[in-house]
Amino acid sequence: MTTANPDFLKLQNNYLFADIARKVAAYKAAHPAQRVISLGIGDVTRPLPPAILAALHRAVEDMGEAALFRGYGPEQGYDFLRHRIIECDYATRGVRLGADEVFVSDGAKSDIGNFQELFAPNSRVAVTDPVYPVYVDSNAMAGRAGNLRGTVWDGIIYLPSTPDNDFVPEFPAVRPDIIYLCYPNNPTGAVLSRAALQAWVDYARRQNSVILYDSAYEAFITDPDVPHSIYELDGAQEVAVEFRSFSKTAGFTGLRCAYTVVPKALQISDGEGGKVSLNALWNRRQCTKYNGCPYIVQRAAEAVYSPQGQVEIKTIIAAYQKNAAQLRSAVSGMGLTVYGGLNAPYLWVSVPQGSDSWVFFDTLLQESALICTPGAGFGAAGEGYVRLTAFGAPQDTAEAIERLRRVC
Ligand code: PLP
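Residues numbered from 1 in each chain as written. Predicted model: local features only at pLDDT ≥ 70, side-chain atom pairs only at ≥ 80, totals over all residues. Heavy atoms only, no water.

Caption draft 1: Broad picture of the pattern of salt bridges. Inspection of the entire model under this criterion finds 20 salt bridges. Salt-bridge contacts for K289 lead to E117; the nearest nitrogen and oxygen are separated by 3.2 Å. A residue pair is termed long-range when its members are at least 10 positions apart, and K289 in helix α9 (residues 278–289) and E117 in the loop between α5 (108–115) and β3 (125–129) qualify at 172 residues. Taking the shortest distance from any N to any O, the salt bridge between D154 and R149 comes out at 3.0 Å. Owing to a relative accessible area of 53%, R149 belongs among the exposed residues under this scheme. Within this structure, R35, D396, E399 and R403 form a network of salt bridges that share partners. (Salt bridge = Lys/Arg side-chain N within 4 Å of Asp/Glu carboxyl O. Helix = DSSP H or I, 4+ residues; strand = E, 2+ residues; numbered from the N terminus. Buried < 20%, exposed > 50% of the residue type's maximum accessible area, 1.4 Å probe, protein only.)

Caption draft 2: The sheet that holds strand β8 (residues 210–214), seen in detail. Read from one edge of the open sheet, seven strands run β2-β10-β9-β8-β7-β3-β6, paired in mixed fashion. The two strands at the open ends of the sheet, each matched to only one other strand, are β2 (102–105) and β6 (156–160). Across the sheet, the mean angle separating the axes of adjacent strands is 20 degrees when strand polarity is ignored. Alignment of β3 against β6, held across five bridges, turns out to be parallel. Note on β6: the bridge partner recorded for V127 is Y158. Contacts between α9 and the sheet are confined to β2, β8, β9 (240–245) and β10 (258–261), with β2 contributing the most and set at about 25 degrees to the helix. (Pairing = 2+ DSSP bridges. Axes fitted to C-alpha atoms, helices over the stretch in contact; angles between N-to-C directions. Contact = heavy atoms within 4.5 Å.)

Caption draft 3: Spotlight on the domain arrangement of the protein chain. Taken as a whole, the protein chain is organised into domain 1 (13–42 + 308–407) and domain 2 (53–305). Computed from C-alpha coordinates alone, the two centres of domain 1 and domain 2 are separated by 27 Å. Tallying the contact residues gives 25 residues for domain 1 and 27 residues for domain 2. For the pair domain 1 and domain 2, the two sides together bury roughly 2200 Å², of which 63% comes from carbon and sulfur. Put simply, domain 1 and domain 2 have zero salt bridges between them. At the boundary of domain 1 and domain 2, one finds eleven residue pairs in polar contact (both at pLDDT 80 or more). When contributions to the side of domain 1 that touches domain 2 are tallied by element, the ones reaching two or more residues are α11 (307–333), β13 (338–340), β14 (346–350) and β17 (385–389). In the side of domain 1 that touches domain 2, the residues fall into 15 nonpolar, nine polar and one charged. (Domains from an automatic or database assignment. Buried area = accessible area lost by both parts, 1.4 Å probe. Polar contact = N/O pair within 3.5 Å; in protein donor to acceptor, adjacent residues only side chain to side chain. Nonpolar A, V, L, I, M, F, W, Y, C, P; charged D, E, K, R; others polar.)

Dropping the structure here:
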């Protein structure tokens, strides 16, 4: 009989969201008249704005015209989009990159999950704790995480990010080959200052490590001291890959478009005393396993950079930011300690004394029909917190705040 990959069998089922769904279903069955509001939603709720929709429609029409029809596109993405990315997301911030250092894709999740394939199987991986689970699980699938002991993988280096270190992870005792950093952070909403991120870049240069930098929530940054791209820091092009997404920036969670920047300056060991370019390896990987993001979707992404597109997406982000600000001030007014929510759509809330992540989740569900995400689901250092998100409709956020006031 054919045997399953043992590394897949070591994975825990996605108990966090499954457990939440099960508890919410039971609550709804017991309280059919009660409207449940989710503050756990990690997805956008606003529809695509007009400029993007119009570009999508035009591109659909192109596909029906012989002269404009497109078949297989370049695996790396169309130049019309790659050039806009370089001009608008990087050149404006003083970062010099070539279009051939940008790889357009159908999502940051797939790129982040796939990128680890380029590294040797015995590479040591460091992640922050709490963590976006894709970094850990994709390495576990590749046999790089060791064994799961409770909720902790014994082959992964965890870097606690808590109020004790102001959510700035400390350098590990053991040298990692690969370091996953995510700022603005999911789930804590924390950001790194320019100086703190520079320190990580310098560390990676000293240690010859690679940073995989996930900036899916870059559009939510408001603080001028917070870099939007890791390449704003000196030397970062020699050590860092950056993942960006149109999902949360422009409402593309359903449409699917993202991009990964792999600078040509980034070289790693070939294991035989020489060096190899990660850009060349990623290009090779994408050309073999990927056939490109759809033309119509890339045209829609291009429209994000048009003057009208920029105004429209900024209006949407501002509405989410307003939700975050209102939630933050209401929750701290209730005497709970709250982190994040200033440069991110996520708020990280300390549960009341005597409670824990899941107990507080149950309290909010049972007493106010609110859904949050228990922090313990994001890692051991997430115990004692819940994550609230600002992606809901404004009227739902306002009602959620009223309900929170009644229980907290
Ligand atoms: N990175 C982080 C930190 C996320 O939270 C998410 C989605 O929730 C993603 C990446 C996935 O982005 P995409 O929709 O482009 O796959």
